[in-house]
Amino acid sequence: MYPVIAAILGLALAFLIFPHDLVVGISPYWDNVQGDNAANWIGYEAFARDTWHWPIFKTTLLSPPEGVNVLFTDPIPGLALLGKLTLKATGWLPNYFGPWLLFAYALQPAVAYYLLRRLSLTKVSAFLGALFFLFVPAFIFRYGHFSLLGHWILLASLLVYYFVAQGGSRAAIYGGAAFTFSIILINPYLLVMAIAIYCAALVDGAFSRRIPVLQAAAVCVALAMSIVGTAFLFGFVEIGRPTAGGGFGRYSMNLLSPIMPQLSTWPGHEKFILDATRGQYEGYNYLGGGILGLILIAALFAWQPAKDFIRRSPALFIFAGLMGIYALSTQIYLGDKLLASLALDQFEPFAKFAGMFRSSGRFFWPMGYLILTCAIYAIYMRFGANKFALIATSALAVQIGDVRPLISSVSERALKAPHNLDALQWSEIARAHNEILLLPQFLCMSRNNRKYAYDFGQLAARSGLPTNSAIINRSDVDCAAERLASFKDLKAAAVRDNPLIIAFKDAFSRNAMALGQSGLACRETSFAYVCSPNESSIANIGPELGSLSTIRIGEEHSVAEGGEGLPFLAAGWSAPSQWGVWGLGPESVFLVAFEKEVCGNLAFRAKIKPFDLAAYLVKEVQVTSDSGPSVSFSIEQPGEQVVTIPIPIVRCTNSLKLSLRFFDLKSPHDLGFNEDPRRISWGLQSFSFQHVY
């Protein structure tokens with residue numbers, strides 16, 4: 001009865017926090033989701049609607065023709081596979097995300113109850129203790145990553161630990177191994193944590209002589225090899241291909257995170273998250289006032305049973321402690337102060353692991369749950385069931401009150417997203433095409449355009465159309481090269497003959513669209529230029545392209561943020577800053593229309609700053625145009641300077657395509673300065689064209 005009541009309370013909390021149409025999977029909510037929810041859903045639906053491939057979790061509807069493994073869109077792969085089988089068999093695509101959320105909220109306190117019962121607490125005491133696990137802030141905060149809501153898996157792993165380490169039966173050992181192995185179909189982070197807990201059970205079981213040492217070692221090695229082999233078989237790991245896009249050290253846990261109030265009723269902390277790296281929200285591990293109170297009581301008055309609890313499970317606490325240390329990453333912060341910066345990423349095995357599991361702050365979860373379990377156990381053993389009930393009830397009231405701002409924050413995040421597109425109109429347009437291209441694709445676009453990427457991604461998946469814009473994290477994308485290729489040919493990334501092309505305005509100027517493209521009809525919307533080989537299909541989406549921006553000979557044009565020279569930058573440039581822009585990649589292109597026809601040679605005059613670092617300096621540039629021969633030019637000194645480069649003009653022209661080509665460029669990462677992988681050439685502050693007489 002008690003675990004059922006605990007599960008019902010978990011469901012009640014879920015329905016209190018989240019919109020009902022979210023948790024039951026009703027279409028109006030899920031037809032327009034944003035953020036990680038959208039990434040999960042797009043990956044799932046694209047995988048389900050695609051034909052079968054090998055590896056089995058591969059889809060070529062995302063980032064064709066190579067495709068992606070849907071694990072990297074985090075859709076809970078095992079359920080995605082069941083959903084695809086259901087769709088192929090019945091034509092109905094089930095939405096399992098909402099039910100999974102309900103399942104997670106129900107199992108969180110229910111599994112905690114059985115864990116505490118295993119530790120010999122009475123039914124009532126185990127029930128009261130289990131409710132603390134439901135109100136752990138790190139669990140509630142995790143909404144937005146559906147698979148990671150499965151914190152009950154960690155609690156089940158701790159339960160398996162006690163069956164294995166304290167029982168040692170074959171059923172416990174092999175049943176625990178099977179359970180741990182199955183997590184490969186849920187989430188890789190939870191899998192790694194569960195493996196550590198399970199192997200700790202084998203070590204502690206061997207240490208206490210309940211399990212033969214050779215058997216413990218063999219089972220642990222066999223489990224690890226089975227998981228690694230399955231990961232390769234399913235394509236979750238690919239040799240030679242990066243699986244992450246950096247960020248280790250950024251998505252870490254702050255040393256103060258478990259004890260500093262965050263999203264808490266503590267005055268001034270209702271909306272506060274401790275974040276010294278602009279990524280430590282991934283290490284949000286505040287325990288809450290009630291749980292901290294339990295820990296304090298256990299430390300002051302129940303230290304002996306707490307010490308006994310720890311002493312009986314040395315490997316468990318050591319492994320959990322190591323995961324807690326990993327949560328801090330190699331950049332260790334105490335508040336906003338950097339205490340240490342370690343160079344462990346120079347060691348290849350660690351660097352590989354850190355690249356795959358860059359959000360290290362999550363690895364504190366096992367230790368957090370272990371500390372909570374220890375505190376509950378110690379207080380119960382020290383004071384008995386009656387006094388424990390009084391202490392637990394009081395602490396639980398404090399905990400629930402403390403997490404109210406967190407619950408409000410999560411509820412707000414879960415609200416239905418506003419519509420950015422007219423779904424009916426765009427669906428009709430999509431039906432007239434066989435592919436959707438977003439330029440730039442998700443990994444290269446500005447954050448302002450991501451809301452559209454989510455919408456178009458859902459449109460493509462719903463329509464069964466391939467799209468170049470996969471919402472995954474990869475480090476092997478050359479955004480500058482992709483943008484340059486798209487500038488030269490909008491259809492460069494297309495794999496089919498009739499693509500719908502969405503070129504975002506903050507990446508493509510009207511001049512680039514009008515002067516640099518041919519064979520496509522283009523229309524203008526508020527956020528993008530929409531192009532198609534089929535003009536009639538987009539006729540009603542917006543007006544034709546407006547008039548071109550023109551340049552007057554002799555006028556200087558700024559390319560700082562809001563500058564009048566920005567419309568003439570075509571490809572190979574960074575986003576503008578208050579100073580100007582930087583050239584990115586081996587080629588940076590201008591595309592200009594002159595106010596009057598130009599005859600005779602010109603000079604290109606620019607205020608630049610070459611990229612330099614230590615002894616490295618970008619000196620050489622080759623300037624080519626579509627109106628004359630190329631010219632080589634070089635500088636000798638770093639720093640801001642004005643350069644004047646001759647531009648031969650062999651025939652009169654109204655427009656000019658001018659390319660600056662650089663060779664053997666290096667990135668800040670190549671030079672050991674930081675993690676920025678972009679190959680940088682020259683910074684540009686302003687430019688003009690002059691007559692040469």
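Here, every reference points to the structure presented above.
The shown structure was predicted, so the numbers you read here are calculated from the model rather than taken from an experiment.

(A) Molecular detail of the sheet that holds strand β6 (residues 499–504). Taken in spatial order, the four strands make up an open sheet running β5-β6-β8-β7, and their pairing is mixed. Sheet topology places β5 (435–439) and β7 (521–524) at the edges, where each strand pairs with a single neighbour. Between one strand and the next, the sheet's axes are offset by a mean angle of 20°, whatever the strand orientation. Taken together, the four bridges between β6 and strand β8 (residues 528–532) define a ladder with antiparallel strand orientation. Paired with Ile501 across the two strands is Cys531, which belongs to β8.

(B) Focus on the state of the cysteines. Under the counting rule described, the total for this entry stands at four disulfides. Paired through a disulfide, Cys444 and Cys479 show a sulfur-sulfur distance of 2.1 Å. Handedness of the Cys444-Cys479 disulfide follows from its S-S torsion of about -80°: it is left-handed. Of this pair, Cys444 sits in the loop between β5 and α20 (450–463) while Cys479 sits in helix α21 (residues 479–488); the two residues are 35 residues apart in sequence, bridging distant segments of the chain. Of the residues examined, Cys479 reaches a relative accessible area of 29% and is grouped as partly exposed.

(C) Region of interest: the environment of Leu617. Of note, Leu617 is situated in strand β16 (residues 616–617). In the structure, Leu617 is positioned 511 residues away from Ala106 in sequence and 60 Å away in space, judged by C-alpha atoms. Residues contacting Leu617, with those up to four places away along its chain left out, are Pro610, Phe611, Asp612, Glu636, Gln637 and Pro638.

(D) Examining the side chain of Ser125 more closely. Note that Ser125 resides in helix α7 (residues 123–134). Of the residues examined, Ser125 reaches a relative accessible area of 2% and is grouped as buried. A polar side-chain atom of Ser125 sits 2.9 Å from a polar atom in the side chain of Thr122. In contact with Ser125, other than residues within four places in its own chain, are Tyr380, Ala385 and Phe388.

(E) Representation of the layout of surface pockets within the structure. Its volume calculated, the second largest pocket comes out at about 450 Å³. Along its surface, the second largest pocket is lined by 23 residues, and Trp30, Asp31, Asn32, Gln458 and Arg462 are the ones closest to its centre. Contributions of two or more residues to the lining of the second largest pocket are made by α3 (27–30), α4 (35–49), α19 (423–431) and α20. The element contributing the most residues to the lining of the second largest pocket is α20, with four residues. Of the residues in the lining of the second largest pocket, the class split is 10 nonpolar, eight polar and five charged.

(F) Spatial organisation of a nonpolar patch on the surface. Among the surface-exposed residues, Met1, Ile5 and Leu9 lie close enough to one another that they form a single nonpolar patch of about 280 Å² accessible area. As for its placement among the helices and strands, Ile5 is situated in helix α1 (residues 2–17).

(G) Inspection of the packing of aromatic side chains at higher detail. One pass over the full model with this rule turns up 59 aromatic pairs. The interplanar angle of 25° and the centroid separation of 6.1 Å between the aromatic rings of Trp579 and Trp582 together place this pair among those described as stacked. Residue classification places Trp579 among the partly exposed residues on the basis of a relative accessible area of 23%. The class of Trp582 is partly exposed, set by a relative accessible area of 26%. Members of the aromatic cluster, joined through ring pairs, are Phe18, Tyr29, Trp30, Trp41, Tyr44, Tyr96, Phe97, Tyr105, Phe139, Tyr143 and Phe146.

(H) Layout of the pairing of β5. Buried residues dominate β5, accounting for five of its five residues. Two strands pair when backbone bridges link them, and β5 and β6 are joined in this way by five bridges, in the parallel orientation. Looking across to β6, one finds that Glu435 is bridged to Pro499.

(I) Representation of unusual backbone geometry. Looking along the chain, the bond that leaves Trp54 and enters Pro55 is cis, with omega of 0°. Locating Pro55 in the fold gives a position in the loop between α4 and β1 (58–59). Following Leu439, the chain continues into Pro440 via a peptide bond in cis, with omega recorded as -5°. When you line up the elements, Pro440 lands in the loop between β5 and α20. One non-glycine residue with positive phi stands out, namely Ser63, at about 50°.

(J) Expanded view of the pattern of salt bridges. All chains considered together, the criterion is met by 14 salt bridges. The salt bridge involving Arg311 is made with Asp308; its shortest N-O contact spans 2.5 Å. In this pair, Arg311 and Asp308 are both assigned in helix α14 (residues 303–311), three residues apart and thus about one turn of the helix distant. Exposure remark for Arg311: the relative accessible area of 53% places this residue in the exposed category. Where Glu556 meets Lys607, a salt bridge forms, and the shortest distance between an N and an O atom there is 3.6 Å. Of this pair, Glu556 sits in the loop between β9 (550–551) and β10 (557–558) while Lys607 sits in strand β14 (residues 602–610), and the two are 51 residues apart along the sequence. By relative accessible area, which is 40% here, Glu556 ends up partly exposed. Under the relative-accessibility criterion, Lys607 is labelled partly exposed at 32%. By sharing partners, the salt bridges in this structure join Arg142, Glu282 and Arg362 into a single network.

(K) Quick look at helix α6 (residues 97–118). The end-to-end C-alpha distance of α6 is 31 Å, a good match for the 32 Å that 22 residues give at a rise of 1.5 Å each. Most of α6 sits out of view: 16 of its 22 residues are buried. Among the residues trailing α6, Ser120 stands out with phi positive, at a value near 80°.

(L) Examining the nonpolar core more closely. One finds Phe18, Leu101, Tyr105, Phe146, Trp426 and Ile502 to be the most contacted residues of the largest nonpolar core, which totals 175 residues. Top contributing element to this core by residue count: helix α17 (residues 365–402), with 17 residues. With residues up to four places along the chain from it excluded, the contact list for Leu101 reads Ala14, Phe18, Leu22, Val23, Tyr143, Phe146 and Leu149. With 37 residues, the next largest nonpolar core counts Val581, Val623, Ile647 and Ile649 among its residues.

(M) Quick look at the packing of α1 against helix α18 (residues 404–413). Packing of α1 against α18 leaves a shortest axis separation of 9 Å and a crossing angle of 60°. Compared by their axis directions, α1 and α18 come out oblique. Taking contact as the criterion, the partners of Leu13, Leu16 and Ile17 in α1 are, on α18, Ile407, Val410 and Ser411. Split by residue class, the contact of α1 with α18 holds five nonpolar, one polar and no charged.

About the cut-offs
- In this convention, every chain numbers its residues from 1, walking through the sequence in written order.
- Totals for whole chains, interfaces and linings use all residues, but because this is a predicted model, local features are given only for residues with pLDDT of at least 70 and pairs of side-chain atoms are given and counted only at 80 or more.
- The basis for every side-chain value is the complete set of heavy atoms in the structure, and neither hydrogens nor water enter the calculation.
- Only when DSSP finds a minimum of two bridges between them are two strands counted as paired.
- In DSSP terms, a helix is any run of H or I states spanning at least four residues, a strand is any run of E spanning at least two, and both are numbered starting from the N terminus.
- Only the stretch in contact is used when a helix axis is fitted, and all axes are lines through C-alpha atoms; the angle between N-to-C directions ranges over 0 to 180 degrees.
- Disulfide assignment relies on a single distance test, namely cysteine sulfur atoms paired within 2.5 Å.
- Relative accessibility decides the category of a residue: with a 1.4 Å probe and only protein chains considered, values under 20% of the type maximum give buried, values over 50% give exposed, and everything between is partly exposed.
- Here a residue-residue contact requires only that any non-hydrogen atoms of the pair lie within 4.5 Å.
- Any pair of nitrogen or oxygen atoms within 3.5 Å is treated as a polar contact; in protein, a donor-acceptor pairing is required on top of that, and neighbouring residues in sequence qualify only through side-chain atoms on both sides.
- Both cavities and pockets are sets of points on a 1 Å grid over the protein atoms alone; in a cavity a 1.4 Å probe fits but cannot get out, in a pocket the set is open with protein on both sides within 12 Å along at least five of seven lines, and lining residues sit with an atom within 4 Å of a point.
- Grid points are joined across faces, edges and corners, and a volume is the space filled by probe spheres set on the points.
- Throughout this entry, Asp, Glu, Lys and Arg are counted as charged residues, while Ala, Val, Leu, Ile, Met, Phe, Trp, Tyr, Cys and Pro are counted as nonpolar. The remaining residues, Gly among them, count as polar.
- Patch membership is restricted to residues that have no salt bridge and whose relative accessible area is over 30%. Joining uses 9 Å for like charges and 5 Å for the nonpolar side chains Val, Leu, Ile, Met, Phe, Trp and Tyr.
- We get accessible surface area from the Shrake-Rupley algorithm with a probe of 1.4 Å; when it comes to residues, only the shown protein chains can shield them.
- Should a side-chain nitrogen of Lys or Arg be within 4 Å of a carboxyl oxygen of Asp or Glu, the pair is scored as a salt bridge.
- Stacked, tilted and edge-to-face are the three classes applied to pairs of Phe, Tyr and Trp rings, where Trp contributes its six-membered ring and a pair requires centres within 6.5 Å; stacked means planes under 30 degrees apart, edge-to-face means over 60, and tilted covers the rest.
- For a helix, the expected span equals 1.5 Å multiplied by the number of residues minus one.
- Here, nonpolar core means buried Ala, Val, Leu, Ile, Met, Phe, Trp, Tyr and Cys residues that are tied together by side-chain atoms lying within 4.5 Å of each other.
- We call two directions roughly parallel when the angle between them is under 35 degrees, roughly antiparallel when it is over 145, roughly perpendicular when it lies between 65 and 115, and oblique otherwise.

Limitation: the analysis is restricted to geometry and does not speak to function.
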